[in-house]
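Okay, here's what each chain looks like letter by letter:
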Amino acid sequence: MPLEQLPALLLAILAVGYTPGPANIYAMSCSLRYGWRSSMRMWCGLLCGFLTAALLAAAAAHLAGMAFKEYVPYLRYLAAAYIIYLAWKTYRAGVSPEGDAAPTFSSGFIVQLTNAKIILFDLSCYSAFVLPYSQRFIDILPVTAFLILAGPGANLVWLLAGGLLKPMVARYSRVVSAFMAAALVLCALMMLLL
């Protein structure tokens, strides 16, 4: 990737990665419910899930070019179903954990592997910023490193924001849960309709 493309890549990372999406909303929801310390296991799952998905997308972009497009609709339906399941769990949970187990590594891992927003964004970045200039897999990896800012970096920001907001929203737990669940449903619908 030519260095003059770097500002465009970083702007895209900010625009896509830090806006509401399934993993960001889930991270904030877990942090509001359990606090940021208890949600860090889930964030580690988001990190590992992101790295797995990004590297798989990089390998697919390198080996198959754009031939993987035919499988994207199936991933979209699976991801939407899982996000709706997360919305239901978020709505039913409220903000206070009362006897509920904290979010797990595997829940974060699955969220990120089914996060069509970030997978499609990764594929788009590889296609726009690397493949026109180089076909070497090693040239895709630096862009993958920047994409960590879009995925796990943004998830951590949302998780910490939820931890900071938890004391303020504790009295409105049902309203906050309904709002977070509605945001997740909106993400799922946007994936299916757009």
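All chains use their own residue numbering, which begins from 1 and follows the written sequence. For this predicted model, a pLDDT threshold of at least 70 governs which residues receive local features, and a threshold of 80 or more governs which side-chain atom pairs are given and counted, while totals over whole chains, interfaces and linings are taken from all residues. As a rule here, side-chain values come from all non-hydrogen atoms in the structure, and water together with hydrogens is ignored.

Draft legend 1. Examining the nonpolar core more closely. Each nonpolar core is a collection of buried residues, namely Ala, Val, Leu, Ile, Met, Phe, Trp, Tyr and Cys, held together in the definition by side-chain atoms within 4.5 Å. Only protein chains enter the accessibility calculation, which uses a 1.4 Å probe; a residue is then buried when its area is under 20% of its type maximum, exposed when over 50%, and partly exposed in between. Core analysis: the biggest nonpolar cluster contains 22 residues, and Met42, Leu46 and Val111 have the highest contact counts within it. If you list the elements that add at least two residues to this core, you get helix H2 (22-34), helix H3 (36-64), helix H4 (72-93), helix H7 (137-169) and helix H8 (173-193). Contacts between residues were defined by any pair of non-hydrogen atoms, one from each residue, lying within 4.5 Å. The residues contacting methionine 42, other than those within four sequence positions of it, are Tyr26, Ala27, Cys30, Pro103, Thr104, Phe105, Ser107, Gly108 and Leu159. With 21 residues, the next largest nonpolar core counts Ala53, Leu131, Val143 and Leu147 among its residues. Put simply, DSSP H or I for four residues or longer makes a helix, DSSP E for two residues or longer makes a strand, and each gets a number counted from the N terminus.

Draft legend 2. Highlighting empty space enclosed by the protein. Only protein atoms enter the 1 Å grid, on which a cavity is a set of points fitting a 1.4 Å probe that cannot get out and a pocket is an open set with protein on both sides within 12 Å along at least 5 of 7 lines, lining residues being those with an atom within 4 Å of a point. Grid points are joined across faces, edges and corners, and a volume is the space filled by probe spheres set on the points. This model, assessed by the stated rule, comprises 1 cavity of 30 Å³ or more. Taken together, 13 residues form the lining of the largest cavity, with Ala23, Asn24, Asn115, Ile118 and Asn155 sitting closest to its centre. Elements with a minimum of two residues in the lining of the largest cavity: helix H1 (6-17), H2, helix H6 (116-129) and H7. Each residue gets one of three labels, nonpolar for Ala, Val, Leu, Ile, Met, Phe, Trp, Tyr, Cys and Pro, charged for Asp, Glu, Lys and Arg, and polar for the others, Gly among them. Counted by class, the lining of the largest cavity contains 5 nonpolar, 7 polar and 1 charged residues.

Draft legend 3. View of the packing of H2 against H7. It is at 7 Å that the axes of H2 and H7 come closest, and there the two elements cross at 35 degrees. Both H2 and H7 take part in a crossing whose hand is right-handed. Side by side, H2 and H7 meet where Ala23, Asn24, Ile25, Ala27, Met28, Ser31, Leu32, Arg33 and Tyr34 of the first sit next to Ala154, Asn155, Trp158, Leu159, Ala161, Gly162, Gly163, Leu165, Lys166 and Val169 of the second. Partitioned by chemical class, the residues of the contact of H2 with H7 number 12 nonpolar, 5 polar and 2 charged. Every axis corresponds to a line fitted to the C-alpha atoms, with the helix fit spanning only the stretch in contact, and the corresponding angles, defined between N-to-C directions, vary from 0 to 180 degrees. Note on convention: near helix rotated counterclockwise from far helix by under a right angle means a left-handed crossing. Clockwise means right-handed.

Draft legend 4. Local environment of the pattern of salt bridges. Note on definitions: salt bridges are taken to be side-chain nitrogens of Lys or Arg within 4 Å of carboxyl oxygens of Asp or Glu. Taken as a whole and judged by the stated rule, the model has 1 salt bridge. In this structure, the salt-bridge partner of arginine 136 is aspartate 139, at a minimum N-O distance of 2.9 Å. Taking the relative accessible area as the measure of exposure, arginine 136 reaches 51% and is therefore exposed.

Draft legend 5. Expanded view of a nonpolar patch on the surface. Patches were defined on residues exceeding 30% relative accessible area and lacking a salt bridge, with like-charge contacts within 9 Å and nonpolar side-chain contacts (Val, Leu, Ile, Met, Phe, Trp, Tyr) within 5 Å. Method for areas: the Shrake-Rupley scheme with a 1.4 Å probe, in which residue coverage is limited to the protein chains shown. Taken together, the side chains of Ile84, Val185, Leu189 and Leu193 define a hydrophobic patch exposed on the protein surface, amounting to about 350 Å² of accessible area. Per-element accounting of the nonpolar patch gives the leading share, 3 residues, to H8. Tracing the backbone through its elements, the reader meets isoleucine 84 in helix H4. Judged by relative accessible area, which is 40%, isoleucine 84 ranks as partly exposed.

Draft legend 6. How the structure looks around the side chain of aspartate 139. With respect to the secondary-structure elements, aspartate 139 resides in helix H7. Apart from residues lying up to four places away in sequence, aspartate 139 is in contact with Val130 and Ser134.

Draft legend 7. Structural detail: the packing of aromatic side chains. When two rings of Phe, Tyr or Trp (its six-membered ring) have centres within 6.5 Å they constitute a pair, described as stacked for plane angles under 30 degrees, edge-to-face for angles over 60, and tilted for the intermediate range. For the structure shown, the criterion picks out 1 aromatic pair. With a centroid separation of 6.1 Å and 20 degrees between ring planes, the pair formed by phenylalanine 105 and phenylalanine 109 is classed as stacked. Residue phenylalanine 105 and its partner phenylalanine 109 are located together in helix H5 (residues 105-113), separated by 4 residues, close to a single helical turn. According to the relative accessible area criterion, phenylalanine 105 is partly exposed, its value standing at 38%.

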